[in-house]
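Close look at the chain arrangement
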Amino acid sequence: MKVGFIGVGFMGRHMARNILKGGHDLTVFDINKDAAEELLSLGATWAASPRAAAQASEVVFTSLPRPQDVEEVTTGEGGLMSGMSSGTAYFDLSTTDPSTIKRIAEAGNARGVQVLDAPVSGGTGGAEAATLCVMVGGDKDTYDKFKPVLDLIGDKAMYCGGLGSGAVSKIVNNLIGLSVGVLLSEAFTMGIKAGVDAQTLFEAVSGSSGNTTSMRSFPNGIFQRNFDPGFQVDLAAKDVGLATQLGRDLRVPMEMSNIAQQRYIDAQNKGWGRLAAGAVARVQEERSGVEIKPNE
Ligand code: NAD
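Please read all numbers here as calculations on a predicted model, not as lab measurements.

In this section: a nonpolar patch on the surface. Together, Val168, Val172 and Ile176 give the surface a local cluster of nonpolar side chains, amounting to about 240 Å² of exposed area. With respect to the helices, strands and loops of the structure, Ile176 is situated in helix H8 (residues 165–193). Owing to a relative accessible area of 52%, Ile176 belongs among the exposed residues under this scheme.

Bringing the domain arrangement of the chain into the picture now. Assigned domains of the chain: these are domain 1 (2–162) and domain 2 (168–288). Its C-alpha centre places domain 1 at a distance of 28 Å from the equivalent point of domain 2. Each partner contributes residues to the interface: domain 1 has 14 residues there, and domain 2 has 13 residues. Summing both sides of the interface, domain 1 and domain 2 together bury roughly 1000 Å²; the carbon and sulfur share of this comes to 70%.

For the rest of this paragraph, the subject is the packing of aromatic side chains. Overall, the coordinates contain 8 aromatic pairs when judged by the stated rule. Considering the side-chain rings of Phe61 and Phe91, the 5.4 Å spacing of their centres and the 25 degrees angle between planes classify their relative orientation as stacked. Separated by 30 residues along the polypeptide, Phe61 in strand S4 (residues 59–62) and Phe91 in strand S5 (residues 89–92) bring together distant segments of the chain. Through pairs of rings, three or more aromatic residues link up here, namely Phe5, Phe61, Phe91 and Phe146. One cation-aromatic arrangement involves Arg282 over Trp272; the distance from NZ or CZ to the ring centre is 4.3 Å.

In terms of nonpolar packing, the biggest core is built from 33 residues, with Phe188, Phe218, Ile222, Phe223, Tyr264 and Ile292 touching the most fellow members. If you list the elements that add at least two residues to this core, you get H8, helix H9 (198–206), helix H10 (233–250), helix H11 (255–269) and helix H12 (281–288). Examining the composition of this core, we find that 7 residues originate from one element, H8, more than from any other. With 32 residues, the next largest nonpolar core counts Leu20, Ala118, Val120 and Leu132 among its residues.

In this section: the site of the ligand. Close to the ligand lie 24 residues, the nearest being Met11, Asp30, Leu64, Gly230 and Lys238. Here an oxygen atom of the ligand sits 2.8 Å away from a polar atom, N or O, in the main chain of Met11. Within the side chain of Lys238, a nitrogen or oxygen atom sits 2.8 Å from an oxygen atom of the ligand. When isolated, the ligand has an accessible area of 830 Å², and the protein chains bury 89% of it. Secondary structure elements with two or more residues in the shell around the ligand: helix H4 (67–75), helix H6 (123–129) and H10. Taken domain by domain, the shell around the ligand gets at least three of its residues from each of domain 1 (2–162) and domain 2 (168–288).

Here the focus is the pairing of S5. Side chains Ala89 and Phe91 project from S5 onto one buried face, and the interleaved Tyr90 and Asp92 project onto a second face that is buried too. Two elements, S4 and S5, share 4 bridges in a ladder whose sense is parallel. Across the sheet, Val60 pairs through a bridge with Tyr90, a residue of S5. For the crossover that starts at S4, traverses H4 and ends in the parallel S5, the hand is right-handed.

Now for H12. What H12 keeps buried is the set Ala281, Val283, Gln284, Glu285 and Ser288. In this structure, the buried side of H12 is in contact with H8 and H11. A positive backbone phi angle near 75 degrees is found at Gly289, which sits one or two residues after H12.

Relative to the elements of secondary structure, Pro67 occurs in helix H4. With 28 residues separating them in the primary sequence, Pro67 and Leu39 have C-alpha atoms 25 Å apart. When neighbours within four sequence positions are excluded, Pro67 is seen to be in contact with Thr96, Asp97, Thr100, Lys238 and Leu242.

We now examine the side chain of Glu285. Along the chain, Glu285 falls in helix H12. Taking the relative accessible area as the measure of exposure, Glu285 reaches 7% and is therefore buried. In terms of polar contacts, Glu285 uses its side chain to reach the backbone amide nitrogen of Ile292, at 2.6 Å. Ignoring sequence-local partners within four residues, the contact set of Glu285 consists of Thr189, Ile222, Arg225, Val290, Glu291 and Ile292.

A few words on the pattern of salt bridges. Counted under the stated rule, the structure contains 13 salt bridges. The partner of Arg66 in a salt bridge is Asp69, and the shortest N-O contact between them spans 2.9 Å. Residue class for Arg66 comes out partly exposed when judged on its relative accessible area of 37%. Overall, the relative accessible area of 13% leaves Asp69 in the buried class. Salt-bridge contacts for Asp144 lead to Lys140; the nearest nitrogen and oxygen are separated by 3.1 Å.

Rules used in this analysis
Residues numbered from 1 in each chain as written. Predicted model: local features only at pLDDT ≥ 70, side-chain atom pairs only at ≥ 80, totals over all residues. Heavy atoms only, no water. Patch = residues over 30% accessible without salt bridge, like charges linked within 9 Å, V, L, I, M, F, W, Y side chains within 5 Å. Areas by Shrake-Rupley, 256 points an atom, 1.4 Å probe, with all protein chains shown as cover. Salt bridge = Lys/Arg side-chain N within 4 Å of Asp/Glu carboxyl O. Helix = DSSP H or I, 4+ residues; strand = E, 2+ residues; numbered from the N terminus. Buried < 20%, exposed > 50% of the residue type's maximum accessible area, 1.4 Å probe, protein only. Domains from an automatic or database assignment. Contact = heavy atoms within 4.5 Å. Buried area = accessible area lost by both parts, 1.4 Å probe. Phe/Tyr/Trp six-rings, centres within 6.5 Å; stacked < 30°, edge-to-face > 60°. Lys NZ or Arg CZ within 6 Å of the ring centre and 35° of its normal. Core = buried A, V, L, I, M, F, W, Y, C linked by side-chain atoms within 4.5 Å. Near = heavy atom within 4 Å. Polar contact = N/O pair within 3.5 Å; in protein donor to acceptor, adjacent residues only side chain to side chain. Pairing = 2+ DSSP bridges. Right-handed = clockwise from strand over helix to strand, strands pointing away.

So this is what it looks like as structure tokens:
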């Protein structure tokens, strides 16, 4: 199958590589051509624009930072939609909001293009190992038709319902994980200041009801003061903001989520937007005067 892929950053490069390895013809575009270097060396074809990628493809995927980037790449000037032909399909793998994908779908439907939201979860490790959860919203027949390609990206592709259902499912997931990240920083700084070593706390919680995926990043992350990005604070702030905005739009009270969002904004204002999302804990470290790391 002829597959187009736009946005080959931390996540996209792995997903695109796995599609290529699956035997498909891959055409790629990114505003940063260097990001596509490895894929080109593996046999992918470079497209000069999103439109050119669309013209060469039966199905196109995007993995872009923010909703406004997705909108620009799809319906902006020279965008994907201007190059896609009737009967083709477009899946957005980025984390965005349901209203963005619905606006894009209007433009797609006018051209006979099926538009689906398909955000992913599982981090850069999951992207590399093709073990992502892919949460898909949109036309079920199109989902079924392209499921073999989705299965090259992750081993947990699931149909969530109508258009926007994947986006909502992903926002719910990230709101939980990222808010827990803030709570973890408060719990650990309190426990350490009370005299218990961070490693002991980690082991106690690991075997107890407080164990979470967010905490399992501690040994290779904050315990080693390792904030190398895989998933950046800027993207975390965006995701929690998408959730609180959706709550506002729907008049759902979400006090705790809005507090968590402020903590990510604090981290951005400290200049840590490009660090790993776990760096949000540094805000609490500064406030409490405690570092979250085991004793030597
Ligand atoms: P990234 O910033 O590493 O990659 C985005 C890529 O898109 C970059 O290569 C960038 O050059 C390119 N790009 C930006 N604007 C563009 C444009 N207008 N046209 C073409 N290319 C453009 O981000 P990422 O970490 O790979 O995340 C991508 C998406 O996946 C985001 O929506 C993010 O929230 C989501 N996500 C990330 C992770 C993670 O662990 N990093 C996990 C799950 C979901």
